[in-house]
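Chain and residue survey
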Amino acid sequence: MPIMSAFALPFSGRHRELELVSQVRGEAAAGHGQLLLLSGDGGVGKTRLVQEAATAARAAGWQVAIGNAYPLETAIPYASFADALGPLLAALDSGALMRLTRGDRGVMAALAPQLAERTGSGALFPESVTPGEQRVRLHAAILQLLARLSDKHPLMLCLENLQWADSSSVELLHFLGRQLSGHRVLLIGSWNETDQPLAADFRLALRSLRGLGAANDVRLAPLAADDVQLMLAQHFGVDSEVIHAFASRLHHATQGNAFFIEQTLRELITRGDLRQQGGAWIGWHIESLVLPPSVRDVLDARLARLSTAARQVAEIVAVAGTTATHDVLHAVTTSTVPLDSDTLRSALHELREAGLITEGAAGQDISYAFTHPMLQQALVQAFGLARERDMHAVLALALEQAAGGQASNQAEAIAAHWLRADPRAHPAIAVRWLMMAGRVALRRLARREAAASLRAALDRTDAHPEVVPAATAAELVDELARVYRRLAEYHEAILMSERARDLAHAAGTPQGVAVAERRIGLSLQGLGRREEALQHFDEAIAIARTLRDDTFLVRSQLAKADCLQALGLVEDAKREVNEALATAERLDQLPMLARAHRMLLLLHVWTGPAHRAWTHARSAVVLAERSGERNLIWSAHYAAAVLAALTSNTAALTAHLSETMRLAQELASPLLELRTMEIALEYRAAIGEWDRALADGERALGLGRALDQTTLLARIAHWVSGVYMQRGDLSAAQRLVQEAWDVAGAAGLDLSRPFEVHGVLPAYVAKTRYLYAVGEHAQALVHGQTALAIADRTGYIAWAVYRLLPTMASAALILGDRETLHQVRNRLEEDAERLAHPIGQAWVRVIDGESAYEAGRLDEAVSQLQRAIAALEAIPYPFDAAETRVRLARVLAAQGARHDAVHEAREALTMFERLGARPAAEQARTLLRELGARLPSAPSTSLLANLTSRELEIVKLVAQRLSNKEIGARLGITARTAGTHLANVFDKLNVRDRTALGDLAREQGLHR
C-alpha cells in the first residue's frame, strides 16, 4: 500500500455533522439560502468534512467553490472570496462574465482582479459615490452575482481558515450571511479555534451573526475512541478486536485529533513500527506510542527527512504563501540558494511525494501550497524571525521582477511581503508599494487593510527621512487620520489628526488646521469625551468663519450640535443647528439640510412641542431621500420612528420602522440594526407582544455588549427589564437594571456637569420602576425625584412622561402621598400636552379617577377610569389598560355595581394571563375572591416546571399551532434549533409527538 504518497484515512465519526450539512444543503436548494459556521481545534477534521460535503454536493449537481484564507494575506482585501470564486470566474469567457456581472467592474476587482479588464474599463465607481455607499453597492452586487451563479445549479461556497481572513472578507461574510434567504446558495465558513486569538472584527461578526440567528453553528469535536478504532479497522483491513488496545492508546495520545492521528500513523509506518508482512499489517502490540510531545515534533520529524534542497524550497514556499508560483520560486532560488532548474523540479517532486505540498495551475504559471497550515507554520517558526524577514524582502523583489510590466496589478501581494520584511530593508521601495497597496485597498473599500499598509509606509517614512520625501509623510498622515476615524479607532485617529494639524500649522494652511480640529472633535465624541470634543469643534468653527468657508462651517456646527444634544445642552444645540440650517438653506445643500432637520427633530422629540418635531421629521425624510445617501435616509427614518413611537402614531411607526429595518439590512451595519431593534422591542413591549420583545431584547443585549454600545445598551436593558418586572421575574429584571446602571455610569452622576443623557436617564427610570416592583415605594419616589431633576436639567421630558411619572404616581397612591401625587399629576398633564403624548394623557385620567375615588366622587372616578381604559386600549397599551380595569373594578364595587366590577376584574385577569403578567394576575384573582366571584382555573404549571424559559416559549408557540420555521422566525432562531428544543421537551414531558404536546399545552392555557 503506497501509504506515504496517498494517505487518506476513512471518513469516520462525522455522520451527524455530514447529515446536518445535507439538511442545510436541502434548504438552500429549495431557495432558502443558508450559512453554516464550522469551528474546532486545529487538525480536528474541518477541512475533511468540507471536502466530503463538497463531493456529495457535486454528485447532486451543485457548483462548488472552495477557498482558503492565509496568514500572509490578511492585508489583501476579499482574499478568501477571491481564492474561492476566482477560478470559477476565470473559467468563463468574457461574454459570460459580462452577463454574470452586468459589467460591474467593482465585483471583478474584488473577486478576481486579474479579470477586471474583461468586464470593461473606466472607474469602479463614480466620484460622487461615497465610500460607504460604494461598499454597500459592492456587497449587494456580489450577492447578486452569487444569485445569478446559482440560477441553474445551486452553489456551495466554502471559505476555510477564516481565523486569517482579511477584514473585507469578514464584512462581506457578515453581509452575505444575513442576505442569503431567497437564493440557492450554501455558504460554509470554517476556522481554527486554537491557531491564534481571533481578530476583533471576526469575533464581532460571529457574535452578530449568532445573535441575529443568521447561522447554523457547528463546533467539530475530536473523534471518539470508537470512531478511531473503526477508522483503523477499515483502512488497514484488520479485525477490530486485534487493534482495540492500540486504538485506545492512539486515541489517548492524540485526543482524537484527526491530523495528529494521521501524522502519528505516518511516523510509525516510516520507522517500521507498523508494517506489512505476508499481506497483513502488524505491529499493533506496541505498548507505548512514541508520539512526540507536540504536533511540532511530529512535523519536525517529517521535515527532517527532506533533502537539503527540498527543505530550502519548502521554507521559501512557507514564507511565500499564495505567491509561491514556479516563476517566483525560480527567481528566488536562482538568486539566493542557489538551485538550478533541475534541482528545483526535483525538490518540488520530493515535497509532493512526501504529501507536504500540492500544486495547481495559476494561469500560465504553477502555484504551490502546503497540504496543511500547520506544516507551513512549523517551517516558518523553525528558521526564526530574522530569517523570515529577510526572505519576505527577497520575495517582494522577486515578485516584482517576475511580474514585470504588470507589477502594479500585484501591488497588494508585493506589499504583503514588505509588511513582514525588515523595516530597514529598501525603505524607499517598500514605502512605494505599501502606499500603492493601501490606496488600492481603499478603492476596494477595505479600510482595515488600507490602514495596515499605510501605517507601515508611514513608519518607514519616519524612520528614513533621508530617502523618503517629507510630502509623502503629510499625505500618509492625512489618509490615516481619515481611515482610522472610519474604522472607529479613535485614539489612533486623534494622534494622526494632531500630527496633521501640526503639519498644517507649519505649512501655514489654516484650512488643514480646521479639518484636523474637526476630526479630533469627532474622534473624541466617538470616545464619549464630549466636553473635550466641543473645544475642537469651536476651533474648527472659528477658522471656518475666518476663511468664510460656509460649507465646512455647517458641517462643523452640526457636529458640535450633535455633541451638545447628547450632553443635554438643548438650547445651545438648537442655537447651533438653527444657524447651520439657515446657512445650509442659503447654500441649498440637500445632505446638510437633511442633517439639520434631523437634528432638530431629535431635539424636539425629547423636549417638544410635538408638532415641531413632526415638521422637522417630514423635512428630514424628504431631503434625505432626495440626497440619495442611504446612511442619511436611515437616520431620518429612524428619528421619525422614534417620534412615532413616542406619540403612539401606529401607522407612521409601521412605515418608518419598516424603512429603517430595510435600510439597516442593506447597509449591513450591526449598529444600525441594533438601533432599529431597540425601537421594535420597545414597541412590542408596549403593545403586549412580550414573548417576542424578550426574545428580541435578549438578542439585542448580546449584540449591544459585543458592539460596546454603552448608552444604547442602557436603554435596551431598561425596556427588557420592564417586561421582566411585569412578568414577575424580578431576578432577571434586577440583573438588567444593574447593568443599565453600571454601563451608563449613573452611580457617579454629577448634575453640575454634562453627561450622557440618553443612558443615565433611562438607567434612573429603570431603577425607579424596579424599586416600585419590589415594594420599595418610598425609595422609588426618591429615585424618581432624582430622575425628574435630570429631565429638568436637560429638558428631555419625554423620558419622564413615558414611564417615570406613571410609576411615581402609582407609588404615591400606595403611600397615600397626596402632595407628591398632585405634583406628579400636574407635571404629567403639562408635559404630556407639550409632547402630544397619549399615554401620559391617559395616565392623567387614571390619577384623576383615583383622586375622585378617594374623595368619594364615585361617578366621576368611573368616568375618568373608563376614558383612560379606552385611550390605553386604542394605543394599544394592554397592560396599563388591564391595570386600570382593576382600579375601575374597585370603584364599581364601592358603588355597589358588583356584576360590573366582576366583569372588569375578569377582563383584566384574562389580559394578564395572556401576557404572562403573574403578579398582576394574582392581584386580579385576589380582587375576584374579595368580590365573591368564581375564579377561572389557574393554569397548572406542575408538568412544565422542568422546562427552561426558552423551551416554555416554544411550547406556547406549538400550542398556537406554529411550525418550526415559524417558531424560528418568531424567536430569532433557526428551525433546526427549534426542533432540538422540541426534542428535549418531548423527553422532559414524556409526550410522543408535536400533536400531543400541543394538546397538553392548550389544556394548560398556554395558547392564550
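Predicted, not measured: the structure shown is a model, and the values here were computed from it. (Residues numbered from 1 in each chain as written. Predicted model: local features only at pLDDT ≥ 70, side-chain atom pairs only at ≥ 80, totals over all residues. Heavy atoms only, no water.)

**Brief notes about the overall build of the protein chain**
When helices and strands are tallied, the protein chain shows 47 helices and nine strands. Taken over the C-alpha trace, the protein chain has a radius of gyration of 33 Å; the compact-globule value for 1008 residues is 30 Å, and the two agree within 12%. By its C-alpha atoms, the protein chain is 110 × 85 × 50 Å across when sized along the principal axes. Taken over 1008 residues, the protein chain has a buried fraction of 56%. Here the contacts in the protein chain between residues at least 6 apart in sequence split such that 68% fall between residues at least 24 apart. Summed over its atoms, the accessible surface of the protein chain is roughly 40800 Å², and 50% of this surface lies on carbon and sulfur atoms. Counting 106 positive and 114 negative side-chain charges, the protein chain places the centres of these two groups 3 Å from one another. (Helix = DSSP H or I, 4+ residues; strand = E, 2+ residues; numbered from the N terminus. Rg over C-alpha atoms; globule rule 2.2 N^0.38 Å. Buried < 20%, exposed > 50% of the residue type's maximum accessible area, 1.4 Å probe, protein only. Contact = heavy atoms within 4.5 Å. Areas by Shrake-Rupley, 256 points an atom, 1.4 Å probe, with all protein chains shown as cover. Lys, Arg positive; Asp, Glu negative; His and termini not counted. Charge placed at Lys NZ, Arg CZ, Asp CG, Glu CD.)

**Looking at the pairing of strand S8 (residues 357–362)**
When S8 meets strand S9 (residues 365–370), the two strands line up antiparallel, connected through six bridges. Across the sheet, the residue bridging to Ile-357 is Phe-370, located in S9. Adjacent in sequence and paired antiparallel, S8 and S9 are bridged by two residues, among which Gly-363 carries a positive phi angle near 70°. (Pairing = 2+ DSSP bridges.)

**Quick word on the sheet that holds strand S1 (residues 34–40)**
Strand order in the open sheet made by the five strands is S2-S3-S4-S1-S5, with parallel pairing throughout. Whereas interior strands pair on both sides, the edge strands pair on one side only; in this sheet they are strand S2 (63–68) and strand S5 (216–220). When strand polarity is set aside, the average angle formed by the axes of neighbouring strands in this sheet is 15°. Bridge analysis of S1 against strand S4 (residues 185–192) gives seven bridges, and the strand direction is parallel. Residue pairing in the sheet places Gly-40 in a bridge with Asn-192 of S4. Set on the sheet, helix H1 (residues 15–29) makes contact with S1, strand S3 (155–160), S4 and S5; between it and S4 the angle comes to about 145°. Sheet strands touched by helix H8 (residues 200–211): S1, S4 and S5. Its angle to S4, the strand with the most contacts, is close to 135°. (Axes fitted to C-alpha atoms, helices over the stretch in contact; angles between N-to-C directions.)

**Remarks on unusual backbone geometry**
Across the junction of Ile-875 and Pro-876, the peptide omega takes the value 0°, indicating a cis bond. With phi around 60°, Asp-588 is a residue other than glycine that occupies positive phi space. Turning to its location among the elements, Asp-588 is positioned in the loop between helix H26 (570–587) and helix H27 (590–607). Accessibility expressed as a relative area gives 55% for Asp-588, which makes it exposed.

**What to know about the nonpolar core**
One broad trend across soluble globular proteins is that nonpolar side chains are buried collectively. Counting residues in each nonpolar core, the largest one holds 163 residues, and the members touching the most others are Ile-716, Val-720 and Phe-912. The biggest single contributor to this core is helix H29 (residues 630–646), with 13 residues. Setting aside its immediate chain neighbours within four residues, Val-720 contacts Leu-681, Leu-694, Gly-697, Glu-698, Leu-701 and Leu-736. Counting 69 residues, the second-largest nonpolar core is a separate cluster that includes Val-332, Met-391, Ala-411 and Ala-481. (Core = buried A, V, L, I, M, F, W, Y, C linked by side-chain atoms within 4.5 Å.)

**Digging into the side chain of Glu-576**
Along the chain, Glu-576 falls in helix H26. The buried category is assigned to Glu-576, whose relative accessible area is 13%. Residues in contact with Glu-576, not counting those within four places in the same chain, are Ile-541, Gln-557, Lys-560, Ala-561 and Leu-564.

**Points about the packing of helix H39 (residues 838–854) against helix H40 (residues 858–874)**
Between H39 and H40, whose axes approach to 8 Å, the crossing angle comes to 160°. With respect to H40, the axis of H39 lies roughly antiparallel. For the crossing formed where H39 meets H40, the hand is left-handed. Where H39 abuts H40, its residues Ala-842, Arg-845, Val-846, Asp-848, Gly-849, Ala-852 and Tyr-853 lie against Leu-858, Glu-860, Ala-861, Gln-864, Leu-865, Arg-867, Ala-868, Ala-871 and Leu-872. Its residues assigned to classes, the contact of H39 with H40 comprises 10 nonpolar, two polar and four charged. (Parallel < 35°, antiparallel > 145°, perpendicular 65-115°, else oblique. Left-handed = near helix turned anticlockwise from the far one by under 90°. Nonpolar A, V, L, I, M, F, W, Y, C, P; charged D, E, K, R; others polar.)

**Re H26**
If you check H26, its first and last C-alpha atoms are 25 Å apart, about what 18 residues at 1.5 Å a residue would give, namely 26 Å. When we look at burial in H26, the residues that qualify are Val-570, Ala-573, Lys-574, Glu-576, Val-577, Ala-580, Leu-581, Thr-583 and Ala-584. Lining the buried residues of H26 we find helix H24 (530–547), helix H25 (550–566), H27 and helix H36 (777–794). Where H26 ends, the next residue or the one after it, Asp-588, has phi of about 60°, a positive value. (Expected span 1.5 Å × (residues − 1).)

**Thoughts on helix H30 (residues 650–667)**
An ideal rise of 1.5 Å per residue puts 26 Å on 18 residues; H30 measures up with 25 Å between its terminal C-alpha atoms. Restricting attention to buried positions, one finds in H30 the residues Ala-652, Leu-653, His-656, Leu-657, Thr-660, Leu-663, Ala-664 and Leu-667. Along H30, the residues classed as buried sweep out an arc of 135° about the axis, all on the same side. (Arc of directions from axis to C-beta.)

**Re the packing of aromatic side chains**
Inspection of every chain in the model, using the stated rule, returns nine aromatic pairs. For the pair Trp-741 and Tyr-764, a centre-to-centre distance of 4.7 Å together with 55° between the ring planes defines the contact as tilted. Of this pair, Trp-741 sits in helix H34 (residues 730–744) while Tyr-764 sits in helix H35 (residues 757–773); the two residues are 23 residues apart in sequence, bridging distant segments of the chain. Among the residues examined, Tyr-764 registers a relative accessible area of 8% and is labelled buried. Positioned above the aromatic ring of Tyr-638, the side-chain terminus of Arg-675 is 4.6 Å from the ring centre. (Phe/Tyr/Trp six-rings, centres within 6.5 Å; stacked < 30°, edge-to-face > 60°. Lys NZ or Arg CZ within 6 Å of the ring centre and 35° of its normal.)

**Some words on the environment of Ala-65**
Structurally, the position occupied by Ala-65 is in strand S2. Separated by 11 residues in sequence, Ala-65 and Ala-54 place their C-alpha atoms 8.6 Å apart. When sequence neighbours within four positions are dropped, the list of residues in contact with Ala-65 reads Ala-84, Leu-85, Leu-88, Met-156, Leu-157 and Cys-158.

**Brief notes about the environment of Asp-859**
Positionally, Asp-859 belongs in helix H40. Under the relative-accessibility criterion, Asp-859 is labelled exposed at 61%. Distance in space between the C-alpha atoms of Asp-859 and Val-891 is 8.9 Å, their sequence separation being 32 residues.

**Quick look at the environment of Ala-874**
Locating Ala-874 in the fold gives a position in helix H40. Separated by 505 residues in the primary sequence, Ala-874 and Ala-369 place their C-alpha atoms 67 Å from one another.

**Here we look at the confidence of the model for the protein chain**
Looking at the protein chain, the pLDDT average stands at 85 and 92% of residues meet or exceed 70. Per-residue pLDDT stays below 50 along residues 1–6; that stretch engages in 12 contacts with residues further than four places along the chain or on separate chains. Residue range residues 938–942 is modelled with pLDDT below 50. Its contacts to residues more than four positions away, or to other chains, number seven contacts. (pLDDT = per-residue confidence, 0-100.)

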